[in-house]
Amino acid sequence: MASEEASLRALENLMTEFFHNCTTNERKREIEELLNNFAQQTGAWHHCMFFLSHTRNEYVMMFSLTVFENLVNKMWIGVASQDKMEIRSCLPKLLLAQHKSVPYFIRNKLCKVIVDIGRQDWPMFYHDFFTNTLQLIQTPTLAPLGLVMLKTTSEELACPREDLSVARKDELRKLLLEQVPTVLGLLTGILETYWDKHSVIASTPPPSPTSRESVELLGSLFQGSQYSKLLCQPMAVLDSESHQLCCLVLECLAHLFSWIPLSTSITPTLLASIFHFARLGCDLRSKAKTGPLNSSSSNGQLNPGTVPTANGQGQNGQQCEVNKVDRARLGVLAMTCVNELVSKNCVPMDFEEYLLRMFQQTFFLLQRLTRENNAHTVKSRLQDLDESYLEKFTDFLRLFVSVHLRRIESSPQFPIVELLALLFKYTFNQPTHEGYFACLDIWSVFLDFLTNKIKSRLPDRESVLNRYKDALVLLLREVLNRIQFRYNQAQLEELDDETLDDDQQTEWQRYLRQSLEVVAKVMELLPSHAFSTLFPVLQENLDVYLGLRQFVVTTSSSRRLNITAENDCRRLHCSLRDLSSLLQAVGRLAEHFIGEVFAARFSDALAVVERLVEVTCYGSQTSLYDLETAVPSVLKPDLIDVHAQALAALQAYSHWLAQFYSETLSHNQSQFINLITSAVDACSPLITTKVPEKLLLSSCHLMVSITSTVRPVFLVTLPAVQNIFNLITTENHRSRLPQEAHILVCRALSNMLLLPWPNLPETEQQWQTRSNSHTSLLSALTREYRILRATADISPRQPVLDNVKAVIQQTLPVLRDLVDGISSESTKSRQICYQSLQESVQVSLNLFPVFIQQSDVTDEMLAFFLTLFQALRVQMGVAFTAQIIHTFLSMFTREQLAASILEEGSAGCRVVQKFLKILQVVVQEPGQAFKPFLPSILSLCMEQVYPVVAERSSPDVKSEMFELLYQILHQNWRYFFKTSVLTSVQRGAAEDTMENEAQFTAAMQAFGQSFLQPDLNIFKQNLSYLESLNSKHKLYSRKLFRTSMLFHFINVLLQVLLHKSHDLLQEEITLAIYNMASVDFDAFYSVFMPEFLNNCHGVDTNQRAVLARNFKLEQDLPSFTQSVQRLVNDLRYYRLCNSSLPTGTIKL
């Protein structure tokens, strides 16, 4: 005993020293090593049992429990049965003796160790494990401890980790499911008892004048039902101990509901009890309001795992404050239980009625939340509630609408329209932006549901729509009001419009986008109504904007806006912000005016487009962006934004304009011509360096849309277009547009000349004239670039090099964009494009060797060549394409490639990527023209690139290299397998005639090697390539693969599953194993499996036999998948058990 005491004192000193802030890391490592050595000793647990019984030191307790945890989870199979009995007997006694005196985290750890023993031994060797827990719950003084045990049991036994065999996991789940009715009955009893007990002693307040109306709105739902009485009972006022106990019960229920199936074990009484507690979250007293200190949610003040101790209460007043906050905690936990149930999509028939009851009860709560009375508006009521409770409630509504609405909506007992009225009040009184966003998402899901329902029920679509029309009209109006400063200034000014989130949008942009999505979805359902709501509001704000002309004062030196009063400036600011938002709304609705509904909604769309053209012309003519204003930091950006949004909205109607053009070709076109002429007139003055970039880019984008989507014949003749031509083709560096705008304008001009005019025969396309104009345009754009041909022999050291690089980097992106723009167009367009580009392409090829060492320039050149190969390889012709490929292959030596690849993430790496992409295009080309290059491309791939990337991460280059390898195999299968279709039909695949076997084998080895590396993306990509080759070319059935590679691949994939290194791809890996095994199931079961198990280290003969026996000889995918999962789980489990056995253990 004395030596045990001495050991305990020494351990206490060591632990205190370890956690002392003055202890050095070196000393900590020494102590850690000492403790590890002690824990590894056989029988260390005897000492730990003594320590636990005789110490008050928390560190020592935690260390001792960790020794027990390690013993139970890793070495239990090797512990003597007498020792196991002693441990099973002593630890629960220790728990009962000390659970009130030790900190909650020690108590919880001890509970977990006991549950871990139950996980191994219940019911065979530890038959009273679960009954002990149930007895604790039924003993009033020990109920909290029993509930902690129950929750831990649910967590550890229902969804155990992998340190159990599949058979044991299944057994545990079955055992637990048998106990579920008993457990739920006990928990229901506790909730009922405590609610009833505390409701009786709660003082009942006098009836409120509004309590009558609280039942009326959803009254039709519950005629004669008991819920109205149930949910209008007085609230329970729980003392601290009762509150803590009910919290634990609700936590247990939430975890149980996460895994037990929906069934009648979840009784109406239990549901009613949960909803009683859910009401506590709706209680305005739930948020303590004693000044700023208590203003935030205080869920963490009472730990859910703690049991109140006599000295932990503080004074009465303080306990009352804690209770105010903790009432909300009970509400949150109750709603967590409800949401666990509602999140289950699989609802048995006998549970549907219960589900309906749950929804009825929850909507009573929603009604309670959105009730107004003299003391509170709905908004102030929601503001006073706990934030977590509101989040849980919103989660419930989302789950209800997305998972269950289709089940409930048609039920005559369920007043869906009244529910939408409550959801409406709940949405538009949310106290936070995040809450409002979450509610808008719910409306979006509902609108999608309604749209799909109407599409599937065309005969009665009107009756369905009429049922919801009022709700949709209200929703539309309110969402539109919420995006306008006129109605919602205070909230909108809180939104951040500068910081970008992960989706590259500001908080304000997100707010507007989500709102406009809802508006667009309502528009789809109620087009004419939505338009008649939106257009007048737009008109109103447009009138303010168009009226600004009269306030413009022009002097000799400046032009300014003569609105200076602070109030007027504020009102103008709000009106301009609203106009900008409404223009975006109008643009978002453009898709609802085209296609089949074009004629029916023509007049509305025409009114919008005429107004947009008017406002863009007005903006450009008056140059409002150039005015001096009283508040330049606010009004100037507003004026620029309105102008830019008007151009963007007009751009959104380009598809409508294209349809208008095709409809008017046969008759009077004057209206259309006027619209296009005015739109171009609005753009032309903005295409200059003197205009703010936002406006410049908006006008360029509009020009691109007009030239690519609408394509009017007369466009090129317009004076405004001629001006743009002159601006772009005149050589003046000072007037050169920023690169992005320059590229867009060049694309617009090129489109005008290259793209076929709609609805005109080939003979009227004026290709010759357009070709000449395009050649002139390109000649002007590449003037400086073509001069560089003369400098192809320059030395890289010459100072002129920087100027040459600048010209290359300015010109090639423009040419690349032009080619990209016509890649999907007719042959004629591509022919003309290539004719105009021919000289520039030759110059690029000549310059390429000069800049091979300059990665940034080579990157730009290869990007250009890649686009050429993708879009114009036919036009370039075989001879010239071959010349280009030959140049590239000769320039990219092994040393050059290695140097580039080793600069990961650099321009050099990007150069290799683009080079490999070009080769991908080449090997995919049908016909024989490029087949002579296959050997050298394969050689480059396998002998030059692969050795460099094989052992490095290089994910980008690797990805492109394996895609090239896949395309070589897929597109050129007969390069390796000569079998004709006829032969394979006659003789099956057994008689493959194989060529270039060495290269095929090397490619397969490269794929196999990639499965041994950690990169998840490469693994997934390459697995899909193998599966694709199998589905298209029967790869796994080919003799060479089947006889010398198949089992190697299966082995590698099984090892990957065993190591759990690529767990995200479990399904894909298992499917691939199945497809490989299915080539010859007999060989798989009789040859591969025995060999695989024999080579498995860490398991004995008996365990191998069990693994083999459990792998069922099934040939369907679901059974095979189950067998693979069982094999992997059990093999890992056996290894874990065996590795933790003491040396010399004899296994029976």
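Residues numbered from 1 in each chain as written. Predicted model: local features only at pLDDT ≥ 70, side-chain atom pairs only at ≥ 80, totals over all residues. Heavy atoms only, no water.

Labelled according to an unreviewed UniProt entry, the protein chain appears under the name Exportin 6, originating from Nothobranchius furzeri.

This brings us to the overall build of the protein chain. Looking only at helices and strands, one finds 50 helices and 2 strands in the protein chain. Evaluated residue by residue, the protein chain yields a buried proportion of 54% over its 1148 residues. Counting contacts in the protein chain only where the partners sit at least 6 residues apart, residues at least 24 apart contribute 76% of the total. For the protein chain, the computed accessible surface area is about 51,100 Å², with 52% contributed by carbon and sulfur atoms. (Helix = DSSP H or I, 4+ residues; strand = E, 2+ residues; numbered from the N terminus. Buried < 20%, exposed > 50% of the residue type's maximum accessible area, 1.4 Å probe, protein only. Contact = heavy atoms within 4.5 Å. Areas by Shrake-Rupley, 256 points an atom, 1.4 Å probe, with all protein chains shown as cover.)

Turning to its location among the elements, Ile-937 is positioned in helix 40 (residues 934–949). Judged by its relative accessible area of 0%, Ile-937 falls in the buried class. Residues Ile-937 and Leu-964 lie 27 residues apart in sequence; the distance between their C-alpha atoms is 9.2 Å. Once residues within four sequence positions are removed from consideration, Ile-937 is found in contact with Leu-919, Val-922, Val-923, Leu-964 and Ile-968.

What the rule picks out here adds up to 38 salt bridges. In this structure, Lys-151 engages Glu-155 in a salt bridge whose closest nitrogen and oxygen atoms are separated by 3.3 Å. Remark: Glu-155 and Lys-151 occur in helix 8 (residues 143–158); sequence separation between them is 4 residues, near one turn of the helix. Assessed through its relative accessible area of 24%, Lys-151 is described here as partly exposed. (Salt bridge = Lys/Arg side-chain N within 4 Å of Asp/Glu carboxyl O.)

This part covers the side chain of Glu-12. One can find Glu-12 in helix 1 (residues 2–18). Leave out the neighbours within four places in its chain, and Glu-12 touches Thr-55, Arg-56, Asn-57 and Val-60.

What follows deals with the nonpolar core. With 393 residues, the main nonpolar core has Leu-91, Leu-253, Phe-446 and Tyr-545 as its most contacted residues. Those residues within four positions of Leu-91 in sequence are excluded, and the remaining contacts are Met-49, Leu-52, Phe-68, Leu-110, Val-113, Ile-114 and Ile-117. (Core = buried A, V, L, I, M, F, W, Y, C linked by side-chain atoms within 4.5 Å.)

In this section: the packing of aromatic side chains. This structure, assessed with the given rule, holds 71 aromatic pairs. Ring centres of Phe-962 and Phe-1007 lie 5.3 Å apart, and the angle between their planes is 40°; on these two criteria the pair is classed as tilted. With Phe-962 in helix 41 (residues 955–971) and Phe-1007 in helix 43 (residues 997–1010), this residue pair connects regions lying 45 residues apart in the sequence. The residues Phe-962 and Phe-1007 share a single accessibility class, namely buried. An aromatic cluster of three or more residues is present, and its members are Phe-1047, Tyr-1074, Phe-1081, Phe-1084, Tyr-1085, Phe-1088, Phe-1092, Phe-1111 and Phe-1120. Stacked on the ring of Phe-18, the Lys or Arg Lys-28 has its end atom at 5.6 Å from the ring centre. Taking the ring centre of Trp-508 as reference, the NZ or CZ of Arg-577 above it sits at 4.8 Å. (Phe/Tyr/Trp six-rings, centres within 6.5 Å; stacked < 30°, edge-to-face > 60°. Lys NZ or Arg CZ within 6 Å of the ring centre and 35° of its normal.)

In this structure the tally under the stated criterion is 0 disulfides. Here Cys-247 stays free of any disulfide, with the sulfur of Cys-246 as its closest cysteine sulfur at 7.6 Å. A relative accessible area of 0% places Cys-247 in the buried class. (Disulfide = S-S within 2.5 Å.)

At their nearest, the axes of helix 18 (residues 416–427) and helix 19 (residues 433–456) sit 9 Å apart, and the two run at 150° to each other. As judged from the angle between their axes, helix 18 and helix 19 are roughly antiparallel. Our pair here, helix 18 against helix 19, has a crossing hand that is left-handed. Residues Leu-420, Leu-423, Phe-424, Tyr-426 and Thr-427 of helix 18 touch helix 19, and the partners they reach there are Tyr-436, Cys-439, Ile-442, Trp-443 and Phe-446. (Axes fitted to C-alpha atoms, helices over the stretch in contact; angles between N-to-C directions. Parallel < 35°, antiparallel > 145°, perpendicular 65-115°, else oblique. Left-handed = near helix turned anticlockwise from the far one by under 90°.)

This part is about the packing of helix 41 against helix 43. Following both chains from N to C, one finds helix 41 and helix 43 inclined at 140°, their axes separated by 11 Å at the closest point. The angle between helix 41 and helix 43 falls in the class oblique. Remark: the crossing between helix 41 and helix 43 carries left-handed chirality. In this structure, helix 41 contributes Phe-962, Leu-965, Tyr-966 and Leu-969 to the contact, and helix 43 contributes Phe-1000, Ala-1003, Met-1004, Ala-1006, Phe-1007 and Ser-1010. Among the residues making up the contact of helix 41 with helix 43, the classes are represented as 9 nonpolar, 1 polar and no charged. (Nonpolar A, V, L, I, M, F, W, Y, C, P; charged D, E, K, R; others polar.)

Moving on to the environment of Leu-675. Mapped onto the elements of the fold, Leu-675 is located in helix 28 (residues 670–683). Residue classification places Leu-675 among the buried residues on the basis of a relative accessible area of 7%. Through-space distance from the C-alpha of Leu-675 to that of Val-609 is 8.1 Å; in sequence the pair is 66 residues apart.

The step from Trp-122 to Pro-123 runs through a cis peptide bond, and the omega angle for that step is 0°. By the element assignment, Pro-123 lies in the loop between helix 6 (104–121) and helix 7 (129–138). Backbone geometry at Asn-759 places phi at a positive 60°, although glycine is not the residue there. The residue Asn-759 is located in the loop between helix 31 (739–754) and helix 32 (767–781) in this model. On the accessibility criterion, Asn-759 (53% relative accessible area) is exposed. Positive phi outside glycine occurs at Gln-766, with the angle close to 55°. Mapping Gln-766 onto the fold places it in the loop between helix 31 and helix 32.

What follows is about the side chain of Arg-88. By the element assignment, Arg-88 lies in helix 5 (residues 81–98). For Arg-88, a relative accessible area of 12% corresponds to the buried category. Here the side chain of Arg-88 touches Asp-121 through a polar contact of 2.5 Å, side chain to side chain. Apart from residues lying up to four places away in sequence, Arg-88 is in contact with Trp-76, Ile-117, Asp-121, Phe-125 and Tyr-126. (Polar contact = N/O pair within 3.5 Å; in protein donor to acceptor, adjacent residues only side chain to side chain.)

Turning our attention to the environment of Met-358. Along the chain, the position of Met-358 falls in helix 15 (residues 352–369). Residues Met-358 and Leu-341, spaced 17 residues apart in sequence, show a C-alpha to C-alpha distance of 9.4 Å.

To continue, consider helix 27 (residues 654–664). Within helix 27, 8 of the 11 residues are buried, which leaves it mostly tucked inside the rest of the structure. Regarding helix 27, the residues found buried are Ser-654, Trp-656, Leu-657, Ala-658, Gln-659, Phe-660, Tyr-661 and Thr-664. Contact partners of the buried residues in helix 27: helix 25 (602–622), helix 26 (632–652), helix 28 and helix 29 (693–710).

On to the confidence of the model for the protein chain. Where the model shows low pLDDT, its predicted coordinates should not be examined in detail. Looking at the protein chain as a whole, its pLDDT mean stands at 85, while 89% of the residues score no less than 70. Low pLDDT, under 50, characterises residues 1144–1148; the predicted model gives this stretch 3 contacts beyond four residues in sequence or across chains. (pLDDT = per-residue confidence, 0-100.)

Turning to helix 49 (residues 1101–1110), its buried residues are Gln-1103, Arg-1104, Leu-1107 and Asn-1110. Within helix 49, the buried residues cover an arc of 130° as seen down the axis, which keeps them to one side. Of the residues in helix 49, the exposed ones pointing more than 90 degrees away from the buried face are Thr-1101, Asn-1102 and Arg-1109. Among the structural elements, helix 48 (1081–1094) and helix 50 (1117–1139) are those in contact with the buried residues of helix 49. With a side-chain oxygen positioned 3.2 Å from the backbone nitrogen of Asn-1102, the residue opening helix 49 is Asp-1100. (Arc of directions from axis to C-beta.)

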